[in-house]
Amino acid sequence: SPPPPSPPIDTSGYKCRPGQGESRFNNHIIGQSDDNNFEACAALCETNKECEGFDFTKSPLQDACRLFGENVPRTDGGAHQRQYCSEPLPPSLPPPSPPPP
């Protein structure tokens, strides 16, 4: 019988929209692979603690999946119709209440 599948990495927290990570000329890319699908690319990002988001294309490219650290994503998916995905920021804590006078 086939071995049990390894537990899936939870990639459900990512939200994607058409776009790309910040221009590669700014060296924000911290990793890349030829995984041209959401699940594999998201899993790669999940396992890299510096990954803040990623973009991917369904085209068979050497850098189909690109991981980004902190960056300002572009809203244009470009020629390969990339999508940029990131996890929503955790809800911020309420500001501390001012000390009593």
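Keep in mind that this is a model prediction, so the values were computed, not measured.

What counts and how
Residues numbered from 1 in each chain as written. Predicted model: local features only at pLDDT ≥ 70, side-chain atom pairs only at ≥ 80, totals over all residues. Heavy atoms only, no water. Phe/Tyr/Trp six-rings, centres within 6.5 Å; stacked < 30°, edge-to-face > 60°. Buried < 20%, exposed > 50% of the residue type's maximum accessible area, 1.4 Å probe, protein only. Core = buried A, V, L, I, M, F, W, Y, C linked by side-chain atoms within 4.5 Å. Helix = DSSP H or I, 4+ residues; strand = E, 2+ residues; numbered from the N terminus. Pairing = 2+ DSSP bridges. Axes fitted to C-alpha atoms, helices over the stretch in contact; angles between N-to-C directions.

Student: When you look at the packing of aromatic side chains in this model, what are you seeing that I'm missing?
Tutor: The description of two aromatic rings rests on the distance between their centres and on the angle between their planes. Throughout the structure, instances matching the rule amount to 5 aromatic pairs. Both rings, one in phenylalanine 54 and one in phenylalanine 56, keep their centres 6.4 Å apart while their planes meet at 40°; by these two values the pair is tilted. Under the relative-accessibility criterion, phenylalanine 54 is labelled buried at 0%. The structure contains a cluster of three or more aromatic residues connected by ring pairs, namely Tyr14, Phe38, Phe54 and Phe56.

Student: Hey, could you run me through the nonpolar core in this one?
Tutor: For soluble globular proteins, nonpolar side chains are generally found buried alongside one another. Membership of the largest hydrophobic core is limited to 11 residues, which are Tyr14, Phe38, Cys41, Ala42, Cys45, Cys51, Phe54, Phe56, Cys65, Leu67 and Cys85. Every element with two or more residues in this core is listed here: helix H1 (38-46), strand S3 (53-56) and strand S4 (65-68). Sort the elements by how many residues they give to this core and H1 lands first, with 4 residues.

Student: I would appreciate a short explanation of the sheet that holds strand S5 (residues 83-86) in the present structure.
Tutor: Across a sheet, paired strands are connected by hydrogen bonds in the backbone, their directions being either parallel or antiparallel. Pairing is antiparallel across the open sheet formed by 5 strands, whose spatial order is S1-S5-S3-S4-S2. Two strands bound the open sheet, and with one partner strand each, they are strand S1 (15-18) and strand S2 (29-33). Within the sheet, the average angular offset between the axes of one strand and its neighbour, ignoring direction, is 20°. Note: S3 against S4, 4 bridges, orientation antiparallel. In the strand pairing of S4, phenylalanine 54 is matched with leucine 67.

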